[in-house]
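# Examining the three-dimensional arrangement
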There are 2 protein chains.
Amino acid sequence: MNIGNASDKSGLPAKTIRYYEDIGLLKPDRADNGYRDYSMSDVHKLRFLQRSRGLGFSVEECRQLLALYGDKSRASADVKSIAQSKLQEIERKIIELRELQLTLKHLVTHCHGDQRPDCPILESISGTAGSS
Amino acid sequence: MNIGNASDKSGLPAKTIRYYEDIGLLKPDRADNGYRDYSMSDVHKLRFLQRSRGLGFSVEECRQLLALYGDKSRASADVKSIAQSKLQEIERKIIELRELQLTLKHLVTHCHGDQRPDCPILESISGTAGSS
DNA sequence: GGTAGTCTTTCCAGTAACTGGAAGGTCAAG
DNA sequence: CTTGACCTTCCAGTTACTGGAAAGACTACC
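Everything numeric here is computed off the predicted structure, so don't read it as measured data.

### Digging into the overall build of chain A
Looking only at helices and strands, chain A has 6 helices and 2 strands in total. When the helices and strands of chain A are placed in sequence order, the string is α-α-β-β-α-α-α-α. Counting every position in chain A, which comprises 132 residues, the buried fraction comes to 40%. Entry remark: accessible area of chain A is about 6,900 Å², with carbon and sulfur atoms responsible for 49%.

What follows is the structure, given as structure tokens:
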């Protein structure tokens, strides 16, 4: 499959996919005509990258996660410790998203959508949901 | 409160805080000595920025969210529509994080942490949890 | 009052992660 | 055999920081 197709399936722009190859995240085959040729496995990796980048993980973190994902020869203890530290981060991100969600939901349900610009929640956002 | 303190409380580096001021996200007072002087409200905004950036929202999106957060004179209908579209995005992000979480949890529970480098999950990651 | 150490300021340069555009080769349809 | 959509590389620009220099300000101790 060539890059446009892989782009559609992964949700990443072709530019970005080539960039990821440049920095060594991915090495697709090449067809005889010089076109990149993506396998389903490549596409899964790309989709994985698309998601984790969108969730605020850095490219380097993604590289680690991708290593878990693809490198079966790696020692399991190693895999396990990386995965566990990322799990904590994910847990935290979920909590933060829930807090943000709560805030915005209040906003949507308590504000009227009419001409009344008085949203009582806006003043209280700051103090609530203090964690970390 | 000056910038080091605001940095500690928000979790953002001082450099980043100054940068956010440069691009107009924040306008702290200035003390007589020229030092920036942050109010609690400023700190809440910074903390808010720290979180939403970490969750994969762009600075421009954060600017919008910050506008909801701070601009009480805005028409409620406007606030509501922005908040609602962001809510959908948050919902999606939570789902994606849960999927990632599931994958990594499988990894942690099924891999042994010993010398056995055979993680059966790694092969099946790709196919599962297809959404969007 | 001096001075060491830790702030803070601005400015300018560098990095990370893309993103756009030019110049040109490839391919499938008509 | 040309037209249009795709692909290639390369190079420049953008976004969102990040590091470091040079200089002013504050705290504390002698």
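### Some words on the protein's contact with DNA strand C
The environment of DNA strand C is made up of 19 residues, and the closest members are K15(A), Y20(A), N33(A), G4(B) and R36(B). Here DNA strand C approaches the protein such that, of its atoms within 4 Å, sugar and phosphate make up 68%. G4(B) is positioned with one of its backbone polar atoms (N or O) 2.6 Å from a phosphate oxygen of DNA strand C. Going through the elements one at a time, α2 (14-22) of chain A together with α1 (3-10) and α2 (14-22) of chain B are the ones with two or more residues in the surface near DNA strand C. If you tally residues by element for the surface near DNA strand C, the top one is α2(A), at 4 residues. Of the residues that constitute the surface near DNA strand C, the class distribution is 7 nonpolar, 6 polar and 6 charged.

### Observations regarding the protein's contact with DNA strand D
Residues in contact with DNA strand D amount to 19 residues; listed here are only the nearest, G4(A), R36(A), K15(B), Y20(B) and R53(B). If you look at DNA strand D and keep only atoms within 4 Å of the protein, 67% of those are sugar or phosphate atoms. A distance of 2.9 Å separates a phosphate oxygen of DNA strand D from a polar side-chain atom of N33(B). Listed by contribution, the elements that provide at least two residues to the surface near DNA strand D are α1 (3-10) and α2 of chain A together with α2 of chain B.

### A closer look at the confidence of the model for chain A
All names here are of chain A. The share of residues in chain A with pLDDT of 70 or more is 74%, and the mean pLDDT across the chain is 81. Of all helices and strands in chain A, the one with the weakest mean pLDDT is helix α6 (residues 120-124) (42), whereas strand β2 (residues 36-37) scores best (98). Contacts for the low-pLDDT stretch residues 112-132, under 50 throughout, to residues beyond four places or in other chains number 35 contacts.

### Some points on α1(A)
Residues and elements named next belong to chain A. Within α1 the residues assigned to the buried category are I3, A6, S7 and S10. In an axial view of α1, the angular spread of the buried residues amounts to 105°, which keeps them on one side of the axis. In the stretch just after α1, G11 is the one whose phi turns positive, near 85°.

### Some words on the environment of K86(B)
Here K86(B) is to be found in helix α5 (residues 76-110). Residue class for K86(B) comes out buried when judged on its relative accessible area of 5%. Remark: the alpha-carbon pair of K86(B) and F57(B), spanning 29 residues in sequence, is separated by 9.6 Å. Leave out the neighbours within four places in its chain, and K86(B) touches L104(A), F57(B), E61(B), Q64(B) and L65(B).

Definitions and limits used
- Residues numbered from 1 in each chain as written.
- Chains lettered and ligands numbered in written order.
- Predicted model: local features only at pLDDT ≥ 70, side-chain atom pairs only at ≥ 80, totals over all residues.
- Heavy atoms only, no water.
- Helix = DSSP H or I, 4+ residues; strand = E, 2+ residues; numbered from the N terminus.
- Buried < 20%, exposed > 50% of the residue type's maximum accessible area, 1.4 Å probe, protein only.
- Areas by Shrake-Rupley, 256 points an atom, 1.4 Å probe, with all protein chains shown as cover.
- Near = heavy atom within 4 Å.
- Polar contact = N/O pair within 3.5 Å; in protein donor to acceptor, adjacent residues only side chain to side chain.
- Nonpolar A, V, L, I, M, F, W, Y, C, P; charged D, E, K, R; others polar.
- pLDDT = per-residue confidence, 0-100.
- Contact = heavy atoms within 4.5 Å.
- Arc of directions from axis to C-beta.

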